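Reading the structure
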Amino acid sequence: MTNVLTGSQFATTFCLKPEQFAWFLGAGASASAGIPTGYSMILDFKKRLFCQLSSISPREVDANDPLWQQRIDLFFNTRSDLPPPNDPTEYAKAFEAVYPTAEDRRIYIEQAVTQGTPSFPHRVLAALLTTGRIPCIFTTNFDHLVETATTVTDQLVQASERAHLTTAAIDNAERAERCLRESRWPFLAKLHGDYQSVELKNTAGELKEQDTRMRQALGAACARFGLVIVGYSGRDESVMTALTDALAQPNAFPGGIYWVTRSAQSVLPAVRSFLERAIQLGVAATLVESPTFDELAGEIIDGISLPDVLKQHVQVSRSAPVLTELPLPVRELRRFPVLQCSAIPILSMPKVARRIEVNTAITTVRARELVREARARAIVVYTGREVAAFGSDAELLKIFASVGGRIAGTIELHPETDSWAKGLLYDALVWALSRRRPLLPKLRRKGHALIVANGLPSDTPERVALRKEQLSPLQQAYAGPLTGKVTNHNYPYSEGVQIRLDRIANRWWCAFEPFTDVKLPRSDEEEQTDDFAESFKHRPNPVMDWQRERWAGRRNKDWANIIAGWAKFLSGGKSGIVKAIDLKGDAGQYQDAEFQLSPVTAWSRPSHEHRYFQRSGR
């Protein structure tokens, strides 16, 4: 299992030995400098191609509007012009479809990259290059941001202390080879070329095979240094192949691999496979969660020493923090908050889970398969060393008998730092909220949900009456049916909520977002896949307009009733206690997941010192 660190934790490690790491920069590393990211370029290409094929004026289409994005994706789902969304070849195919000639693509790239100005993280990298903290940088970007920033930092120090950065692109790869051979640091290698280069790599054919000499240079660097990867999604098959090939070298990545991402859950399968392969070969591979490159650069600059002139140069471009301390109010200015949030506080949650030692390395996916095969009531996750679980000891031993499972006491849960612990508690919370209620849990990799369950024709009158009584608060909140059939389609629908386990303001919350779930017909192939796999598939939604219209007419009062209804329903009555397994005393030894929730939602209100909020004297 890949280890996950926060940006702060990574910075602490990096600042101890920065010279042991090479860097790899993708398009996301230049986003704050005004350079379009690969994702934004994909949106632009798809918009242009959509307008060409549908004869709609580009002025009428906003590629950043989620509604237009859905409409464009739905349009291309019915055609073969482009691969499906999030396909690794989407960028290259879309670029080539809109600009078929290499000259047009070069002009587009030149216009895009010349708009940028080195940002705070580029100044940080430049300061590290000038002071000899970074030996080399590889990048798929075409811009000159690193070179420009390093030229400036070089001029701020004595001539004898300047870095004199060497730049190598695909049309002068011998420079990178010479720098590696002679240990002449620092250098910058541009794997896809420079925007002023004659050769650029953009299309599927061009990206299919990296320039051989540049591949060798990247591999040689990976044999001497660890690698920090920032702003790169892993979409280029050629780059991923080059990185994977580098793993076969003796003593590959001696400093380890640190892949920086916004969320560990959002990395592409190719990236996860690469990191898992690295771990199998004994290379330390870690995912680093950092919302932006700016934040990661801030963590690094705060932990490393620089000459005063460089520190001042870097800090002057640093953005003001989004979160700042505010003085506490000294008097009550309004009796009622302004905004009701769709989140209820979790007053208590499990601190430990059952620890199960196994003699065979497995994955969390395999552990869950074993639970399903045993038809047992258990919630499990593999930590990378053992299994953490909720359930009865007898059933857990039965589930993991094939892998030598043995009960080994309990394991502490620290969801603030351990992603596996948060995942285990997230699963347990959803099961607890649905236990003994007319709700169906939907556990998916993109987020869990609960939907109102339809009754069965075989239900007894007592069961029907109980279901009606339990759903009564929600029925009143929606002022309409909670389940039914979509008009003109006959697809069954159910009201539901997306569930999240969030830590905000130093406490845990059960956040929920109401939505309407529609059960669309599935093919025979799809029927064989589970919800986890299905959540990665992109399927056209013929009832999207119906769902949108269903919620468009609901105003503040309607939303307030719905949020209050779900808050009361999810909190589980007066005690607020819900249990994921809900085992009885005759179950023997067991470890249950018990949560206590408050029915009172979070509230938010703006600064009340503003004269607008004083107008009524309240």
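The following paragraphs examine the structure supplied in this document. (Residues numbered from 1 in each chain as written. Predicted model: local features only at pLDDT ≥ 70, side-chain atom pairs only at ≥ 80, totals over all residues. Heavy atoms only, no water.)

**Topic: the pairing of strand β10 (residues 343-348)**
What counts, and what does not: If DSSP finds at least two bridges between two strands, the strands pair. Secondary structure elements are taken from DSSP: a helix is a run of H or I of four residues or more, a strand is a run of E of two residues or more, and numbering for both begins at the N terminus.
Pairing analysis gives three bridges linking β10 to strand β19 (residues 507-518), with the strands arranged antiparallel. Within the sheet, the bridge partner assigned to Ala-343 lies in β19 and is Ala-511. In terms of strand pairing, β10 meets strand β22 (residues 594-597) through two bridges, oriented antiparallel. From the neighbouring strand, Ser-348 faces β22, where its bridge partner is Gln-596.

**Comments concerning unusual backbone geometry**
Selection criterion: Each residue's exposure class comes from its accessible area (1.4 Å probe, protein chains only) as a fraction of the maximum for that residue type: buried when under 20%, exposed when over 50%, partly exposed otherwise.
Residue Pro-186 is reached from Trp-185 by a cis peptide bond, and omega for that bond is -5°. Relative to the helices and strands, Pro-186 is located in the loop between α8 (174-182) and β5 (187-190). Backbone geometry places Asn-506, a non-glycine residue, at a positive phi of 65°. Here Asn-506 is to be found in the loop between β18 (492-504) and β19. Since its relative accessible area comes to 69%, Asn-506 is described here as exposed.

**Observations concerning the packing of aromatic side chains**
Quick note on the threshold: Two rings from Phe, Tyr or Trp (for Trp, the six-membered ring) form a pair when their centres sit within 6.5 Å of each other. Planes less than 30 degrees apart are called stacked, planes more than 60 degrees apart edge-to-face, and all others tilted.
The full count for this structure, using the stated rule, is 25 aromatic pairs. Their ring planes at 15° and their centres at 4.5 Å tell us that Phe-45 and Phe-95 sit as a pair that is stacked. Taken together, the residues span a long stretch of sequence, with Phe-45 in helix α2 (residues 38-54) and Phe-95 in helix α4 (residues 90-98) at a distance of 50 residues. Taking the relative accessible area as the measure of exposure, Phe-95 reaches 0% and is therefore buried. Here Trp-185 and Phe-187 contribute two aromatic rings whose centre-to-centre distance is 6.1 Å and whose plane-to-plane angle is 25°, an arrangement assigned as stacked. The exposure class of Trp-185 is partly exposed, given its relative accessible area of 31%.

**Here's the deal with the nonpolar core**
Worth spelling out the cut-off: We define the nonpolar core as a collection of buried residues of types Ala, Val, Leu, Ile, Met, Phe, Trp, Tyr and Cys that are connected through side-chain atoms lying within 4.5 Å of one another. Only heavy atoms enter the contact rule, under which two residues are in contact if any of them lie within 4.5 Å.
Counting 48 residues, the largest nonpolar core has Phe-390, Ile-499, Trp-566 and Phe-595 as its most contacted members. Residues in contact with Trp-566, not counting those within four places in the same chain, are Leu-439, Val-452, Leu-474, Tyr-478, Gly-496, Val-497, Phe-512 and Pro-514. In this structure, Val-4, Phe-24, Phe-187 and Ala-217 belong to the second largest nonpolar core, which totals 43 residues.

**A look at the pairing of strand β6 (residues 226-230)**
Heads up, the rule is: With the strands aimed away from the viewer, a crossover counts as right-handed if its path from the first strand over the helix to the second runs clockwise.
Counting buried positions along β6 gives five out of five residues, so the element sits mostly inside the fold. Where strand β2 (residues 21-25) lies against β6, five bridges are found, and the strand directions are parallel. Within β6, the residue paired with Leu-25 across the bridge is Val-230. For β6 and strand β7 (residues 257-261), the ladder comprises three bridges, and the chain directions are parallel. The residue bridging Leu-227 from the neighbouring strand is Ile-257, located in β7. As for the winding sense of the linkage, the β-α-β connection from β6 through helix α11 (residues 237-246) to β7 is right-handed.

**What about empty space enclosed by the protein?**
Quick note on the threshold: With a 1 Å grid laid over protein atoms only, a set of points is called a cavity when a 1.4 Å probe fits there but cannot get out and a pocket when it is open yet has protein on both sides within 12 Å along at least five of seven lines; lining residues have an atom within 4 Å of a point. Grid points are joined across faces, edges and corners, and a volume is the space filled by probe spheres set on the points. When residue character is reported, Ala, Val, Leu, Ile, Met, Phe, Trp, Tyr, Cys and Pro are called nonpolar, Asp, Glu, Lys and Arg charged, and the others, Gly included, polar.
A complete count under the given rule lists one cavity of 30 Å³ or more for this structure. Approximately 50 Å³ is the volume found for the largest cavity. In terms of lining, the largest cavity is formed by Leu-25, Ser-30, His-122, Thr-139, Asn-141, Asp-143, Val-146, Glu-147, Leu-188 and Lys-190. Going through the elements one at a time, α7 (145-155) and β5 are the ones with two or more residues in the lining of the largest cavity. Within the lining of the largest cavity, the residues separate by chemical class into three nonpolar, four polar and three charged.

**Quick word on the pattern of salt bridges**
Test applied: When a carboxyl oxygen of Asp or Glu lies within 4 Å of a side-chain nitrogen of Lys or Arg, that pair is called a salt bridge.
Inspection of every chain in the model, using the stated rule, returns 24 salt bridges. For Arg-354, the salt bridge is made with Asp-393, and the minimal N-O distance between the two is 2.8 Å. Of this pair, Arg-354 sits in strand β11 (residues 352-357) while Asp-393 sits in helix α16 (residues 393-399), and the two are 39 residues apart along the sequence. With respect to burial, Arg-354 and Asp-393 carry one shared label: buried. Ionic pairing is found between Glu-416 and Arg-503, a salt bridge with its closest N-O pair at 3.9 Å. With a gap of 87 residues between them, Glu-416 in the loop between β14 (406-412) and α17 (419-434) and Arg-503 in strand β18 connect regions that are remote in the sequence. Three or more residues joined by partner-sharing salt bridges are found here, namely Lys-46, Asp-73 and Glu-90.

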